[in-house]
Amino acid sequence: MQNLLHNLNPEQLAAVTLPAQPALILAGAGSGKTRVLTTRIAWLIQTGQVSPAGILAVTFTNKAAKEMLTRLSAMLPINTRGMWIGTFHGLCNRLLRAHYRDAALPQTFQILDTQDQLSAIKRLLKSLNVDDEKYPPRNLMYFINNAKEQGLRAQYVEANDDYNRRFVELYAAYENQCQREGVVDFAELLLRTYELLSRNEPLRRHYQSRFRHILVDEFQDTNDLQYKWLKLMAGEHGAVFAVGDDDQSIYAFRGANVGNMAAFEREFHVQNLIKLEQNYRSHGHILDAANVLIANNSKRLGKNLRTDAGHGEPVRIYEASSDIQEANWVIEESKSLIAEGASRSEIAILYRSNAQSRVIEHALFTAGIPYRVYGGQRFFERAEIKHAIAYLQLMDNPHNDSAFLRVVNFPTRGIGARSIEQLQDAARQYGISLYAAVPYISGKAGSSLGAFVKLIEGARFETQHLSLPEMVQIVLETSGLIAHYQNEKEGADRIENLEQLVSAATLFVNEEGFGMDAPALAGPKAQTSAGAAIVSEDGVEIIDADTPLNEVMSPLSAFLSHASLEAGDNQAQAGQDALQLMTVHSAKGLEFDAVFITGLEEGLFPHENSEKADGGVEEERRLMYVAITRAKKRLYMSFSQTRMLHGQTRYNMKSRFFDELPEESLKWLSPKVQHHWFGNQRRSAWDEVADFEANKVAQKFTKQDIGWRIGETVFHQKFGEGVIVNIEGGGTNARANINFGRHGMKLLDLGIAKLEKVAS
DNA sequence: TGCACCCGGTTTTTT
DNA sequence: ACCGGGTGCA
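The name that an unreviewed UniProt entry assigns to chain A is DNA 3'-5' helicase, with the source organism given as Keguizhuia sedimenti. Regarding chain A, the relevant UniProt record gives this comment under Sequence similarities (unreviewed entry): "Belongs to the helicase family. UvrD subfamily."

*Asks:* Just to check I follow, could you spell out the overall build of chain A for this structure?
*Replies:* Counting its regular elements, chain A contains 29 helices and 25 strands. Looking at chain A residue by residue over its 760 residues, the buried ones come to 55%. Considering only contacts within chain A whose residues lie at least 6 apart along the sequence, 75% involve residues at least 24 apart. For chain A, the accessible surface area stands at approximately 33,100 Å², while carbon and sulfur atoms represent 49% of it.

*Asks:* Mind showing me how you'd approach the packing of aromatic side chains here?
*Replies:* Two aromatic rings are characterised by how far apart their centres lie and by the angle between their planes. This structure, assessed with the given rule, holds 29 aromatic pairs. Here the aromatic residues Tyr 135, Phe 143, Tyr 163 and Phe 167 are joined through ring pairs into a cluster of three or more. Taking the ring centre of Phe 109 as reference, the NZ or CZ of Arg 97 above it sits at 3.7 Å. Across from the ring centre of Tyr 374, 4.2 Å away, lies the NZ or CZ of Arg 372, which sits over that ring.

*Asks:* I tried to follow the pairing of strand E17 (residues 648-651) on my own but got confused; where do I start?
*Replies:* Every other side chain in a regular strand lies on the same face of the sheet, so the side chains alternate between the two faces. Sheet topology places strand E16 (residues 631-645) next to E17; four bridges connect them, and they run antiparallel. In the strand pairing of E17, Thr 642 is matched with Tyr 651. The turn joining E16 and E17, which pair antiparallel and follow one another in sequence, is formed by two residues; a positive phi near 50° is taken by His 646.

*Asks:* Looking at this structure, I do not really get the state of the cysteines. What am I missing?
*Replies:* In protein structure, a disulfide is the covalent linkage between the sulfur atoms of two cysteines. One pass over the full model with this rule turns up zero disulfides. Looking at the unpaired Cys 178, the closest cysteine sulfur is the one in Cys 92, lying at 16 Å.

*Asks:* Would you take a moment to explain the UniProt feature "binding site: ATP" (unreviewed entry) in chain A for this structure?
*Replies:* Here, the residues flagged by UniProt with the feature "binding site: ATP" (unreviewed entry) are Ala 27, Gly 28, Ala 29, Gly 30, Ser 31, Gly 32, Lys 33 and Thr 34. Of note, Ala 27 is situated in strand E1 (residues 23-27). Contact partners of Ala 27, with chain neighbours within four places excluded, come to Lys 33, Val 243, Gly 244, Asp 245, Gln 248 and Leu 276. With respect to the helices and strands, the residue Gly 28 is situated in the loop between E1 and helix H3 (33-46). Taking the relative accessible area as the measure of exposure, Gly 28 reaches 4% and is therefore buried. Beyond its immediate chain neighbours, meaning those up to four positions away, Gly 28 contacts Asp 245, Gln 248, Leu 276, Lys 303 and Leu 305.

Scoring rules and cut-offs
Residues numbered from 1 in each chain as written. Chains lettered and ligands numbered in written order. Predicted model: local features only at pLDDT ≥ 70, side-chain atom pairs only at ≥ 80, totals over all residues. Heavy atoms only, no water. UniProt positions renumbered as here; feature names shortened; annotations may be inferred. Helix = DSSP H or I, 4+ residues; strand = E, 2+ residues; numbered from the N terminus. Buried < 20%, exposed > 50% of the residue type's maximum accessible area, 1.4 Å probe, protein only. Contact = heavy atoms within 4.5 Å. Areas by Shrake-Rupley, 256 points an atom, 1.4 Å probe, with all protein chains shown as cover. Phe/Tyr/Trp six-rings, centres within 6.5 Å; stacked < 30°, edge-to-face > 60°. Lys NZ or Arg CZ within 6 Å of the ring centre and 35° of its normal. Pairing = 2+ DSSP bridges. Disulfide = S-S within 2.5 Å.

Right, here's the structure in full:
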């Protein structure tokens, strides 16, 4: 135990060894948050305060859960498999599998990812003849997910007008459809579990008394339902150990409620609030920049990071004339960093929105520098993988109409829209699934549909004794997917991905302890197995928390859950020593020796849409705080005078965040310019754009008339070289904004100033 | 059945 | 500027 606790600083030690009571840990960026969480778990177990089965640890991402497990198994000589460490959704899935009957779900219920949910909604609207212009599927999806995240079923959603009443009706219809098909969406996993535990007292008591210690990571990211879920799980006596950082709350747009931190403190009567403010990541100037910036936010729980690392280098700031030039500068700087011995993977290029990566990628490609872009399509989201998964889903649960429709005619087998319509009519008439409706279809359509059903059933029969990887391999062949992509020009990559699905299945059965030989379709033993079940004092049969996954699910069901809940990596150039490109959001939780934050312009960062949202700019500032605190040793920030966006050139002002940084920690690589100042009046970027638009015609004229154009490099006797940023007026009144670099921005009368052309 | 064209949208993202 | 989805034609 001495080992476990030594090397912790006083605050960390205090947090790790808190008594079994609700606790809130405000963990700043780079303060050893994960270390505290895992050490707390290890300490609780090692001191005999709780058995591994008494621990419930919740994270948001699979990556975080995996990280926790890895660190724990390094600390403790125990098997971590029985521990309940996972994402909200993963844990809910596990609970619902064990208690599917009480939750009123089929044993083989399947999980819809966002894509699946949207297509299920589109299908619903079509079947109800709803105008999808008036009720856009996407909006309905937001509406439904939003309601579920408030814990509301359709009958409890308040609607004050006809339009919203229709949404509520459609929400109810969607629920019916899902129930009929035996599928649940992500929000449903949470809500269904919440309802199960609220309704079923013996079950609730069982888990409440089992999980004496509940630990929550990234608590600031919880939504309202997740918070209620935690409250229910904790009951009266559960010791909830919540770790979070209100300054890093950047997911309000997807329902996260940072107010849950204050609510937790109040409602759980938190006596133990500990701030982790010692930062082990960044040098002083970087940390100062972060602290001073975030102090501009009003609603904070209050926290200031400190470091022993010394000031280090100042934050370098660069003003580019264009997005292209900005990208080239980033690459030049990266090159010299690499030349000085930096590893490419320790350099990150961050941006606010994905669209900004293109210019940077282009420049990197041209320069021949390897790079990796985060956030592309994930493995299980690829179309060919979704197709293969749909076949497997039908073998597991033939009533999943989404899966049916996805592959009934893929690869094509002569089942067109006409046949499908006929089938859908029959299914609606009898209130059954498409699969079950096939026997009611006669004629040519009936026989081709019948052949499809035979294909699925044949595959089931053929693979009933086979392991999961063997089953996947056979399905790839009998479905005709492999043959289909073999005939396709660009099909080689897709076939490779399909082969990888077999590897993924192999990896899965090994990691989840199913055993390589376990038949994929073998029914779970749970709920009949005397060994696994326990009986509570109320006589209710309860599957124990230690019940292994392979006793509550077949390998196939488990694998399908896995495919929905863990979309997999985007494998692009993984493992290579490459520059790291990503949005600021994706950078959360990561750290790099050197970080570039690019595109720091008004309208982009802070994003223009954030102005409209309540507290939007504060969230942007937190986002900037996250970006800054990713850097260990060196931090660059850049902005550009012009940028291509949506096919149009925009002239943005530099970000207001520059005004919120401590000057003494900054080093301006290009001189600070009086950007967009007219006399004493500071004009917004949008005024500039308006002027620009209004003067477009005049500019065209001036271009021919006086021979100057925007973007052109000119030479001036006194100011030296400069770049024309804007031209206004025409003829003899024409004036130009010219950026003379270290002499600043000047507004010159083109008729008076003596400018010379400079070849560029 | 598949390709060509048009239209609309375009901040951030995990499960 | 670019992508994805939907429609219409060969």
